[in-house]
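Observations on the three-dimensional arrangement
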Amino acid sequence: MKKINMVDLANQYKPIANKIHDAINNIIENTSFINGPSVSSFQKNLESYLEVKHVIPCANGTDALQVALMSLDLEPGDEIITVDFTFASTVEVIALLNLTPILVDVDPDTFNININSLESAITKKSKVIIPVHLFGQVANMEEVMRLAKKHNLSIIEDTAQAIGANYKFDDGTKKKAGTIGNIGTTSFFPSKNLGAYGDGGAIFTNDDSLAIKIRGIVNHGMYKRYHHDIVGINSRLDSIQAAILDIKLKYLDDYNHSRKKSALKYTNLLKNHPNIITPFIAGDEDSHVFHQYTLILKDCVRDDLVEYLNLNKIPCGIYYPIPLHKQKAYQNKRFNEDDFTTTNLLSKSVISLPMHTELDDDQIEFICKKINFFFNGLK
Ligand SMILES: *Cc1c(COP(=O)(O)O)cnc(C)c1O
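Predicted, not measured: the structure shown is a model, and the values here were computed from it.

1. Observations regarding the overall build of the chain
A tally of regular secondary structure across the chain gives 13 helices and 14 strands. A globule of 379 residues ought to have a C-alpha radius of gyration of about 21 Å, and the chain, at 21 Å, matches this closely. Counting the 379 residues in the chain, one finds 55% classified as buried. For the chain, the centre of its 40 positive side-chain charges and the centre of its 45 negative side-chain charges are spaced 2 Å apart.

And the structure:
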């Protein structure tokens, strides 16, 4: 059996190695390092893949969130509602912009924004909702959209973990994750479902005037060379990363398909176990692209399982061990422990198993066999 990795970018790269080398050599020979033709090509191809009017590439997924917020004419103190159970980028950029983060609880089954918690967090100061499509599953956008419309709020979808996922509305229409709200953001961090060989990110919108604003913001607020109309930042996707992403975009559906296949295999081998809750898919199978395969453990010491897996050379991850409201940088009297029962519970009981595009059946069978051994030993 091949060595089991948490992610396996080396084996994913092998079949596309020649294409990647040619693309990189071409950029070096043409010295088109910044804003070269590969950037506009990738932008156009991603626009047609996502069926969205505008893709604005940028330097990383955290910048994408920051730029999205900067484009919305917000005032210090405006309330931005997001989830307590996610990577820190979201709350970080809200704080950096002097806006007020309002953290809400998530659903115990999908790990995504809890609609009741969201609704009760809305006040007169609320301006934006940032749902995060965690672990690859699209949040309940039907309800998020309904609440946003009712209270006149903007939506920024954090799609860093769910690029390529499809969301089906009750009326049957389907949309790609990140193209449903006013703005979508994503990350091309190497381990993401569409990963560069370095940093990268993008912002999506169907709104023409927001797109113009966002294009200015990522480029120093500059529309005419050396004329700075608005306050911006410098956030570019470099040409080499764009060329790599343009190649990998063609395989994104295949990559997501193999993730889903592996997830199904895991679930078949681990379901019905009294100590394990396997991932719940709320919508149809297209709505989850399994950036992570995450279990909830019941009645066991998680650290013991982690140690046992490590002993058996099976890597695993804890995403995320500390809810954002408990992080030193973001603690606040506003936050009430009773409002975070699910995130508090999940942060102690989740565990993510190896998940990538190169997992084979032998590896998944071995991992599940070991997990079952571990629990049988507990009896
Ligand atoms: C990875 C990630 C980000 C940040 O992306 P970077 O490219 O690392 O800045 C933001 N949000 C979520 C949910 C992520 O998983």
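2. Observations concerning the site of the ligand
The local shell around the ligand consists of Asn-60, Gly-61, Thr-62, Thr-86, Phe-87, Ser-89, Val-132, Asp-158, Ala-160, Gln-161, Ser-187 and Lys-192. Note that an oxygen atom of the ligand is positioned 2.5 Å from one of the side-chain N or O atoms of Thr-62. Between Asp-158 and the ligand, the recorded distance is 2.8 Å, taken from a side-chain N or O atom to a nitrogen atom. The protein chains hide 91% of the 380 Å² of surface that the ligand would expose on its own. Judged by the fraction of its atoms near the pocket grid, the ligand is located in the largest pocket. Of the residues contributing to the shell around the ligand, the split by class is three nonpolar, seven polar and two charged.

3. Focus on a nonpolar patch on the surface
Together, Ile-28, Phe-33 and Ile-34 make up a nonpolar patch on the protein surface, roughly 280 Å² of accessible area in all. For Ile-34, the location among the structural elements is in the loop between helix H2 (17–30) and helix H3 (37–50).

4. Notes on empty space enclosed by the protein
For the structure shown, the criterion picks out two cavities of 30 Å³ or more. Quantified by volume, the largest cavity comes out at close to 70 Å³. Around the largest cavity sit Val-7, Asp-8, Leu-9, Gln-12, Pro-190, Ser-191, Lys-192, Asn-193, Arg-259, His-356 and Thr-357, which together line it. Taken together, the residues of the lining of the largest cavity break down into three nonpolar, five polar and three charged. Residue contributions to the lining of the largest cavity reach at least three from each of two domains, namely domain 1 (9–249) and domain 2 (252–378). Here the second largest cavity is characterised by a volume of approximately 50 Å³. In terms of lining residues, the second largest cavity is bounded by Asp-109, Thr-110, Phe-111, Leu-134, Phe-135, Gln-137, Pro-279, Phe-280, His-288, Gln-292 and Thr-294. Counting contributing residues, the lining of the second largest cavity receives three or more from each of domain 1 (9–249) and domain 2 (252–378).

5. A short note on unusual backbone geometry
A cis geometry characterises the amide bond from Tyr-319 onward to Tyr-320, with omega recorded as 5 degrees. Its identity as a non-glycine residue notwithstanding, Asp-73 has a phi of 50 degrees, on the positive side. In this structure, Asp-73 sits in the loop between helix H4 (61–70) and strand S2 (79–83). A relative accessible area of 61% means that Asp-73 is categorised as exposed. The phi dihedral of Phe-135 falls on the positive side, at around 60 degrees, and the residue is not glycine. Turning to its location among the elements, Phe-135 is positioned in the loop between strand S4 (126–130) and helix H7 (141–151). Taking the relative accessible area as the measure of exposure, Phe-135 reaches 2% and is therefore buried.

6. Some words on the pairing of strand S13 (residues 293–297)
S13 sits mainly inside the fold: five of its five residues count as buried. Covered by surrounding structure in S13 are Tyr-293, Leu-295 and Leu-297 together with Thr-294 and Ile-296, the residues of both alternating faces. In the sheet, strand S12 (residues 276–277) pairs with S13 via two bridges, with the strands oriented antiparallel. What sits directly across from Ile-276, in S13, is Leu-297. Of the pairings in the sheet, the one linking S13 to strand S14 (residues 350–353) comprises four bridges and is antiparallel in character. Following the sheet pairing, Thr-294 is matched in S14 by Ser-352.

7. Observations concerning the domain arrangement of the chain
Its domain assignment divides the chain into domain 1 (9–249) and domain 2 (252–378). Domain 1 puts 44 residues into the contact, and the matching count from domain 2 is 37 residues. Both faces considered, domain 1 and domain 2 share a buried interface measuring about 3500 Å² in area, 58% of it formed by carbon and sulfur atoms. Counting across the domain 1 and domain 2 interface gives two salt bridges. A salt bridge links Asp-286 to Lys-174; its shortest N-O distance comes to 2.8 Å. Put simply, domain 1 and domain 2 have 26 residue pairs in polar contact (both at pLDDT 80 or more) between them. When contributions to the side of domain 1 that touches domain 2 are tallied by element, the ones reaching two or more residues are helix H1 (9–13), helix H5 (89–96), strand S3 (100–104), strand S6 (166–168) and helix H9 (239–249). Considering every element that reaches the side of domain 1 that touches domain 2, the biggest residue donor is S3, with five residues. Residue composition of the side of domain 1 that touches domain 2, grouped by class: 23 nonpolar, 12 polar and nine charged.

Rules behind the numbers
Residues numbered from 1 in each chain as written. Predicted model: local features only at pLDDT ≥ 70, side-chain atom pairs only at ≥ 80, totals over all residues. Heavy atoms only, no water. Helix = DSSP H or I, 4+ residues; strand = E, 2+ residues; numbered from the N terminus. Rg over C-alpha atoms; globule rule 2.2 N^0.38 Å. Buried < 20%, exposed > 50% of the residue type's maximum accessible area, 1.4 Å probe, protein only. Lys, Arg positive; Asp, Glu negative; His and termini not counted. Charge placed at Lys NZ, Arg CZ, Asp CG, Glu CD. Near = heavy atom within 4 Å. Polar contact = N/O pair within 3.5 Å; in protein donor to acceptor, adjacent residues only side chain to side chain. Areas by Shrake-Rupley, 256 points an atom, 1.4 Å probe, with all protein chains shown as cover. 1 Å grid on protein atoms, 1.4 Å probe; cavity = no way out; pocket = protein on both sides within 12 Å on 5 of 7 lines; lining within 4 Å. Sits in = over half its atoms within 2 Å of the grid points. Nonpolar A, V, L, I, M, F, W, Y, C, P; charged D, E, K, R; others polar. Patch = residues over 30% accessible without salt bridge, like charges linked within 9 Å, V, L, I, M, F, W, Y side chains within 5 Å. Salt bridge = Lys/Arg side-chain N within 4 Å of Asp/Glu carboxyl O. Points joined across faces, edges and corners; volume = space filled by probe spheres on them. Domains from an automatic or database assignment. Pairing = 2+ DSSP bridges. Contact = heavy atoms within 4.5 Å. Buried area = accessible area lost by both parts, 1.4 Å probe.

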